[in-house]
Amino acid sequence: MNNDIFTKLSKLAKIMSILGVCTLGINPAFGVMGITVGLVFKYKGVQLKADNVKRLKTAFVLGIISLAMFVIDIIVAVLYVNR
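The rules behind these values
- Residues numbered from 1 in each chain as written.
- Predicted model: local features only at pLDDT ≥ 70, side-chain atom pairs only at ≥ 80, totals over all residues.
- Heavy atoms only, no water.
- Patch = residues over 30% accessible without salt bridge, like charges linked within 9 Å, V, L, I, M, F, W, Y side chains within 5 Å.
- Areas by Shrake-Rupley, 256 points an atom, 1.4 Å probe, with all protein chains shown as cover.
- Salt bridge = Lys/Arg side-chain N within 4 Å of Asp/Glu carboxyl O.
- Helix = DSSP H or I, 4+ residues; strand = E, 2+ residues; numbered from the N terminus.
- Core = buried A, V, L, I, M, F, W, Y, C linked by side-chain atoms within 4.5 Å.
- Buried < 20%, exposed > 50% of the residue type's maximum accessible area, 1.4 Å probe, protein only.
- Polar contact = N/O pair within 3.5 Å; in protein donor to acceptor, adjacent residues only side chain to side chain.
- Contact = heavy atoms within 4.5 Å.
- Expected span 1.5 Å × (residues − 1).

Draft legend 1. A look at a nonpolar patch on the surface. Taken together, the side chains of Leu39, Phe60, Val61, Ile64 and Ile65 make up a nonpolar region of the molecular surface, amounting to roughly 420 Å² of accessible area. For the nonpolar patch, the element with the most residues is helix α3 (residues 50–82), which contributes 4 residues. Tracing the chain through its elements places isoleucine 64 in helix α3.

Below, the structure is given as structure tokens:
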């Protein structure tokens, strides 16, 4: 299977975002990685295939969800420590 680097990076971004959601946002680096890959491609003006664009959109949404879960984790931790 001959995958170019953009396909590999878009798959990595999606996997990292999925990991961020699966770990309930405990490690925000997973979500940030999923978001950053797509933003760098957009900033550099890379022409991507349709399936790569779809993967990066999914990675972006899941990355945002992962970061939101991280914020919720911090709030829950602060409330738990204060009790």
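Draft legend 2. Representation of the nonpolar core. Of all hydrophobic cores here, the largest spans 5 residues; its members are Ala13, Val37, Phe41, Leu56 and Ala59. Sorting the residues of this core by element identifies α2 (28–44) and α3 as the ones contributing at least two each.

Draft legend 3. Fine view of the pattern of salt bridges. Following the criterion strictly, the structure yields 1 salt bridge and no others. Between aspartate 51 and arginine 55 there is a salt bridge; the shortest N-O distance is 3.7 Å. One end of the pair, aspartate 51, and the other, arginine 55, are both in helix α3, 4 residues apart, so they sit about a helical turn from each other.

Draft legend 4. Inspection of the side chain of threonine 7 at higher detail. Looking at the element boundaries, threonine 7 is found in helix α1 (residues 5–22). Owing to a relative accessible area of 6%, threonine 7 belongs among the buried residues under this scheme. There is a polar contact of 3.3 Å between the side chain of threonine 7 and the side chain of asparagine 52. With sequence-adjacent residues up to four places away left out, threonine 7 is seen in contact with Asn52 and Arg55.

Draft legend 5. Highlighting α2. Under the 1.5 Å per step criterion, the end-to-end length of α2 is 24 Å for 17 residues, consistent within 8% with the ideal 24 Å. Regarding α2, the residues found buried are Gly31, Gly34, Ile35, Val37, Gly38 and Phe41. Packed against the buried residues of α2 are α1 and α3. Once α2 ends, the next one or two residues include glycine 45, with phi positive near 75°.

Draft legend 6. Highlighting the side chain of serine 66. Of note, serine 66 is situated in helix α3. Overall, serine 66 belongs to the buried group, its relative accessible area being 0%. Side-chain polar atoms of serine 66 contact the backbone oxygen of glycine 20, separated by 3.5 Å. Leaving out residues up to four positions away in the same chain, serine 66 has contacts with Gly20, Val21, Gly25 and Gly31.

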